[in-house]
Amino acid sequence: MKKAIINNQVITDMSHLLSIAADETRLKILFSLLKGEKCVKDIYEEIEASQSLVSHQLRILKKAKLVTFRKDKNFVYYSLDDDHVKLLIDVAYEHVLEKK
């Protein structure tokens, strides 16, 4: 880990980030986006959830800076915000598999 000042605000921010990612639907969306950029329709079909639920969860993920988006005409495409999000998911996944 980089040398950083760990203070209460950093701990609070980390806790918030991890709690956002901890929701099962949001985690399914993040896993879906590991494969690359997708529109809402592709995501809700893949994770078998309603369009309104996926759209709501994407707003939360976007606000938390876990996903980003781009607009192309009538479509909005989502992707993971950066490689840190991918790493976070990969590490959690490997940890869970390792402990089984």
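Our structure's up above, just so we're on the same page.
I will try to describe carefully the structure that is included in this document. (Residues numbered from 1 in each chain as written. Predicted model: local features only at pLDDT ≥ 70, side-chain atom pairs only at ≥ 80, totals over all residues. Heavy atoms only, no water.)

Overview of the overall build of the protein chain
Defined as follows: Counting from the N terminus, the helices are the DSSP runs of H or I reaching at least four residues and the strands are the DSSP runs of E reaching at least two. Three labels apply to residues, based on accessible area from a 1.4 Å probe with only protein chains included: buried if under 20% of the type maximum, exposed if over 50%, partly exposed otherwise in between. Residue contacts are defined here by distance: any two heavy atoms, one from each residue, within 4.5 Å place the two residues in contact.
Of the regular secondary structure elements, the protein chain holds five helices and three strands. Dimensions along the principal axes, computed over C-alpha positions, put the protein chain at roughly 45 × 30 × 20 Å. Split into buried and exposed, the 100 residues of the protein chain put 28% on the buried side. In the protein chain, the proportion of contacts linking residues at least 24 apart, taken out of those at least 6 apart, comes to 47%.

Quick word on the pairing of strand β3 (residues 75-80)
Counted only if it meets this: Whether two strands pair comes down to DSSP finding at least two bridges between them.
Pairing geometry for strand β1 (residues 38-39) and β3, over two bridges, is antiparallel. Considered in β3, the bridge of K38 is made with Y78. Both strand β2 (residues 67-72) and β3 contribute to a ladder of six bridges, which runs antiparallel. Paired with F69 across the strands is Y78, a residue of β3.

Here's the deal with the nonpolar core
How we decide: Residues enter a nonpolar core if they are buried and are Ala, Val, Leu, Ile, Met, Phe, Trp, Tyr or Cys, with the set joined through side-chain atoms within 4.5 Å.
I29, L30, I43, V54, L58 and L66 are the most contacted members of the largest nonpolar core, which totals 19 residues. Elements with a minimum of two residues in this core: α1 (8-21), α2 (24-34), α3 (40-47), α4 (51-63), β3 and α5 (83-98). With residues up to four places along the chain from it excluded, the contact list for V54 reads I29, V40, I43, Y44, I47 and A49.

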